[in-house]
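Next come the chains, spelled out residue by residue.
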Amino acid sequence: MTELAISTRGLRKTYRTRRGRRVVAVEGLDLDVPAGGVHGFLGPNGSGKTTSIRMLLGLVRADAGTMTVFGEPVPRRLPAVVSRVGAIVESPKFFPAFTGRKNLELLADAIGAPRGRVGEVLAETSLGERGKDKFRTYSLGMKQRLAIAATLLKKPDLLIFDEPTNGLDPAGIREIRETMRDLGAQGRTVLVSSHILAEVEQVADTVSIIGHGRLLASGTVAEVLGSSTGTTVKVAVDNLQEAARILTEAGLKVRSEGNHLLVDGAQEPAEVTRRLARRELYVSELVPVRVDLESVFLQLTADEGLGGHR
Ligand SMILES: Nc1ncnc2c1ncn2[C@@H]1O[C@H](COP(=O)(O)OP(=O)(O)OP(=O)(O)O)[C@@H](O)[C@H]1O
């Protein structure tokens, strides 16, 4: 069996608002995060990602359910695993007038990490030479990478990022994405929460999708994408109506979109061409439509009546 970095069963958390209203933030969450690689923890705003992470870190008490981190039940055994976990939930305060390196050296001293580690973590986050520059000259992406470097000082096996690219520009987003990918490739476990699915799709090895505090889907990115409708192809043909009738008769799902048909459920794209050619309809364009996490997510939440936002 694959080793699990994180596992939760029946995790539940209800908040009471100041007006006394009950808000169910997490509702029976079963989450498994395999050790090693990047795991995307995906869900719309307010779906319970931050609350789940806070429960795992012992910052919020669960109402019900069990959790383990590297096999240790938490929060009871948190002291035994806490040194293996680094969380970048909020950026640490750095001194603007000091260099990135100096800031990390001060932190290393504070937590008892060897100073030699500073050069290593600067390299791991591709800050390298920029470590000699003052913190206040850094771009947002570099500031965020310095926060990651600070977390790496104690060599954590599990890194937790809560919406790490919030507020970053496209270049900053790419920098953080590459850093996460490198960390996962080194054998560390990276848990990254996000509501931006396209962003996570490019780095995650495995994903869990949640909605309203419940698990909706999980597995490798390919498995989650594959669990959707199957092949979808966009077809252009002279007689759209006749083509739609033929394909529907053959048991395929057909929708029209402008001058095209969107056809779901074919074994392979060529099946569509074959069925139409047999009836003397010739396809002028046939394009497989790429399924992405965003569309799987919308489909899952629509099935649950959850909607993307609330
Ligand atoms: N301290 C709190 N008191 C009351 N309600 C809360 C509290 N913290 C979170 N909630 C509510 O719990 C639900 C889940 O919130 P949570 O922050 O865990 O979701 P999230 O998926 O991390 O969303 P986001 O990406 O917006 O942070 C939301 O409805 C939120 O309003």
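Residues numbered from 1 in each chain as written. Predicted model: local features only at pLDDT ≥ 70, side-chain atom pairs only at ≥ 80, totals over all residues.

With an unreviewed UniProt entry as reference, the chain is termed ABC-2 type transport system ATP-binding protein, source organism Kribbella amoyensis. Per UniProt, the comment on the chain under Sequence similarities (unreviewed entry) is "Belongs to the ABC transporter superfamily." (UniProt positions renumbered as here; feature names shortened; annotations may be inferred.)

### Regarding the pairing of strand β14 (residues 283-289)
The two faces of the sheet receive side chains in turn, since in a regular strand these alternate between them. The element β14 is barely covered by neighbouring structure, given that only zero of its seven residues are classed as buried. Two elements, strand β11 (residues 231-237) and β14, share six bridges in a ladder whose sense is antiparallel. Each bridged residue has a counterpart across the sheet, and for V233 the counterpart in β14 is P288. (Buried ≥ 20, exposed ≤ 12 C-beta atoms within 10 Å, placed from the backbone. Helix = DSSP H or I, 4+ residues; strand = E, 2+ residues; numbered from the N terminus. Pairing = 2+ DSSP bridges.)

### Description of the sheet that holds strand β3 (residues 37-42)
Read across the open sheet, the six strands follow the order β6-β7-β8-β3-β9-β10; overall the sheet is mixed. What marks the edges here is a single partner per strand, and that holds for β6 (85-88) and β10 (214-220). Adjacent strand axes in the sheet meet at a mean angle of 15 degrees, parallel and antiparallel pairs treated alike. Pairing analysis gives four bridges linking β6 to strand β7 (residues 158-162), with the strands arranged parallel. For V85, the partnering residue across the bridge sits in β7 and is L158. Packed on one face of the sheet, helix α1 (residues 49-56) meets β3, β7, β8 (189-194) and β9 (206-211) and runs near 145 degrees to β7. (Axes fitted to C-alpha atoms, helices over the stretch in contact; angles between N-to-C directions. Contact = placed C-beta atoms within 7 Å.)

### Notes on the site of the ligand
The ligand sits among 14 residues. The nearest are Y15, A25, N45, T50 and T51. Elements represented by at least two residues in the shell around the ligand include exactly β2 (22-34) and α1. (Near = placed C-beta within 6 Å.)

### Looking at the domain arrangement of the chain
If you check the domain split of the chain, you get domain 1 (4-226) and domain 2 (231-290). Computed from C-alpha atoms alone, the centre-to-centre distance between domain 1 and domain 2 is 44 Å. (Domains from an automatic or database assignment.)

### Considering the packing of helix α3 (residues 100-111) against helix α5 (residues 140-152)
Taken N-terminus to C-terminus, the directions of α3 and α5 make an angle of 30 degrees; their axes are 10 Å apart at the nearest point. Taken together, the axis directions place α3 and α5 in an arrangement best described as roughly parallel. In this structure, α3 crosses over α5, and the sense of that crossing is right-handed. Contact residues: α3 offers G100, N103, L104 and L107, while α5 offers L146, A149 and A150. The residue makeup of the contact of α3 with α5, split by class, is five nonpolar, two polar and no charged. (Parallel < 35°, antiparallel > 145°, perpendicular 65-115°, else oblique. Left-handed = near helix turned anticlockwise from the far one by under 90°. Nonpolar A, V, L, I, M, F, W, Y, C, P; charged D, E, K, R; others polar.)

### Some thoughts on the environment of G187
Note that G187 resides in the loop between α6 (170-185) and β8. Taking the C-beta count within 10 Å as the criterion, G187 has 10 such neighbours and is therefore assigned exposed.

### Re the environment of L293
Inspection of the secondary structure puts L293 in helix α11 (residues 293-303). Between the C-alpha atom of L293 and that of V26, which follows or precedes it by 267 residues, the distance is 22 Å. Excluding anything up to four places from it in sequence, L293 contacts L197, A198, E201, V224 and L225.

### Quick look at the pairing of β11
Both β11 and strand β13 (residues 260-266) contribute to a ladder of five bridges, which runs antiparallel. Each bridged residue has a counterpart across the sheet, and for V235 the counterpart in β13 is L261.

### Description of unusual backbone geometry
Going from V74 to P75, the amide bond is cis rather than trans, its omega being 5 degrees. Backbone geometry at S126 places phi at a positive 55 degrees, although glycine is not the residue there. Within the element layout of this structure, S126 appears in the loop between α4 (116-124) and α5. S126 gets classed as partly exposed once you count the C-beta atoms within 10 Å, which come to 14. We note that E163 has phi near 45 degrees; this positive angle belongs to a residue other than glycine. Relative to the elements of secondary structure, E163 occurs in the loop between β7 and α6.

### Description of the sheet that holds β11
Pairing is antiparallel in the open sheet, where four strands are placed in the order β12-β13-β11-β14. Every other strand in the sheet has two partners, leaving β12 (253-257) and β14 as the edge strands with one partner each. Pairwise comparison of adjacent strand axes, ignoring direction, gives a mean angle of 25 degrees for this sheet. Each of β11, β12 and β13 is contacted by helix α9 (residues 240-249), which is oriented at about 160 degrees to β12, the strand it contacts most. Contacting β11, β13 and β14, helix α10 (residues 269-278) runs over the sheet at an angle of about 155 degrees to β14.

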